[in-house]
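Single-letter residue listing:
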Amino acid sequence: MLSADFGRLNEEVEMVNAGAADMFHLDIMDGRFVPNISYGFPVVKAIAARARKPLDAHLMIVEPEKYIETFRSVGVAYLSVHCEACVHLHRTLQQIRSAGMKAGVALNPHTPVWCLADTVHAADFVLIMSVNPGFGGQAFIERSLHKITELKNLITRENAATLIEVDGGIGLYNAAQLYAAGADILVAGNAIFSAANPLQAMEELKIDY
Ligand code: ZN
């Protein structure tokens, strides 16, 4: 939703409701973990009021454990925290699950997959950042494809049910490659909201490869 026109937020939410997308991805930035501030609870609530699909909140904030309960109370179903922002990642993931949400851990481009060797079971999904977090509309970092493959191998080796989400620089030009590498969930912003036909863009990004 970072790429949505916030002056027409209701229409943008209805457009996603009507399209093939499976959920709403909400990028929450605090100006500390990342060099940008996006939006907070009033906007999340406004989206939640109209959304007919699950809300997936991606917290690019320091001390995300402080806000788990608040995100649950505004209707978020999938909540991811950054590995780099959590001193006690395992505990934080457990707290998210205990609150009744799907627990996700996000990795910055510089963070290797092996950091999750001992926590992958505690995560319902892992979000691989394929750009440096903070801004929409950035170019995809090619190395991310290798990380998806590595993560898929880790999940298989550990016999975990963890899903792989990829976020940043995604469009029709690389969606098939990402699915083939093992991605389960693709996050798209500009590829949908800047498309001449957003409904068609959502449909095409969801092609069963
Ligand atoms: Zn995101």
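Fair warning: this is a prediction, and the values are worked out from it, not measured in the lab.

Quick look at the nonpolar core
Right, on to step 1. Judged by nonpolar contacts, the single largest core of 62 residues is most densely connected at Met1, Phe24, Leu26, Ile47, Val76, Leu79 and Leu178.
Right, on to step 2. At five residues, the largest contribution of residues to this core is made by helix H5 (residues 143-157).
Right, on to step 3. Aside from chain neighbours lying at most four places away, what touches Ile47 is Met1, Leu9, Val13, Phe24, Leu26 and Leu55.

Remarks on the sheet that holds strand S3 (residues 76-82)
Where strands meet in a sheet, backbone hydrogen bonds hold them as pairs that are either parallel or antiparallel.
Right, on to step 1. Pairing is parallel in the open sheet, where seven strands are placed in the order S1-S2-S3-S4-S5-S6-S7. Both outer strands of the open sheet, strand S1 (24-29) and strand S7 (185-187), are each paired with one neighbouring strand and no more. Here the average twist between neighbouring strands, direction ignored, is 25°.

Remarks on the packing of helix H1 (residues 9-18) against helix H2 (residues 41-50)
Right, on to step 1. Remark: H1 packs on H2, axes separated minimally by 9 Å, with the N-to-C direction vectors making an angle of 45°. If you check the angle between H1 and H2, you find them oblique. The chirality of how H1 crosses H2 is right-handed. On the side of H1, the interface is formed by Leu9, Asn10, Val13, Glu14 and Asn17, while H2 contributes Val43, Ala46, Ile47 and Arg50.
Right, on to step 2. A per-class count over the contact of H1 with H2 returns five nonpolar, two polar and two charged.

Comments concerning the coordination of the zinc ion
Right, on to step 1. Protein coordination at the zinc ion: the donors are His25 (NE2), Asp27 (OD), His58 (ND1) and Asp167 (OD), at 1.9 to 2.2 Å from the metal.
Right, on to step 2. Between the four donor atoms coordinating the zinc ion, the angles at the centre fall across 91 to 158°, so the site counts as irregular.
Right, on to step 3. The sequence pattern formed by the donor residues of the zinc ion is H-x1-D-x30-H-x108-D. Taken together, the positions of Asp27 in strand S1 and Asp167 in strand S6 (residues 163-167) put the pair 140 residues apart, joining distant regions of the chain. The pair formed by Asp27 and Asp167 is uniform in burial state, with each residue classed as buried.

Quick notes on the rules
Residues numbered from 1 in each chain as written. Predicted model: local features only at pLDDT ≥ 70, side-chain atom pairs only at ≥ 80, totals over all residues. Heavy atoms only, no water. Core = buried A, V, L, I, M, F, W, Y, C linked by side-chain atoms within 4.5 Å. Buried < 20%, exposed > 50% of the residue type's maximum accessible area, 1.4 Å probe, protein only. Helix = DSSP H or I, 4+ residues; strand = E, 2+ residues; numbered from the N terminus. Contact = heavy atoms within 4.5 Å. Pairing = 2+ DSSP bridges. Axes fitted to C-alpha atoms, helices over the stretch in contact; angles between N-to-C directions. Parallel < 35°, antiparallel > 145°, perpendicular 65-115°, else oblique. Left-handed = near helix turned anticlockwise from the far one by under 90°. Nonpolar A, V, L, I, M, F, W, Y, C, P; charged D, E, K, R; others polar. Donors = N, O, S within 2.8 Å, 3.2 Å for Na, K, Ca; no water. Tetrahedral: all angles 85-135°; square planar, octahedral: opposite > 155°, others 65-115°.

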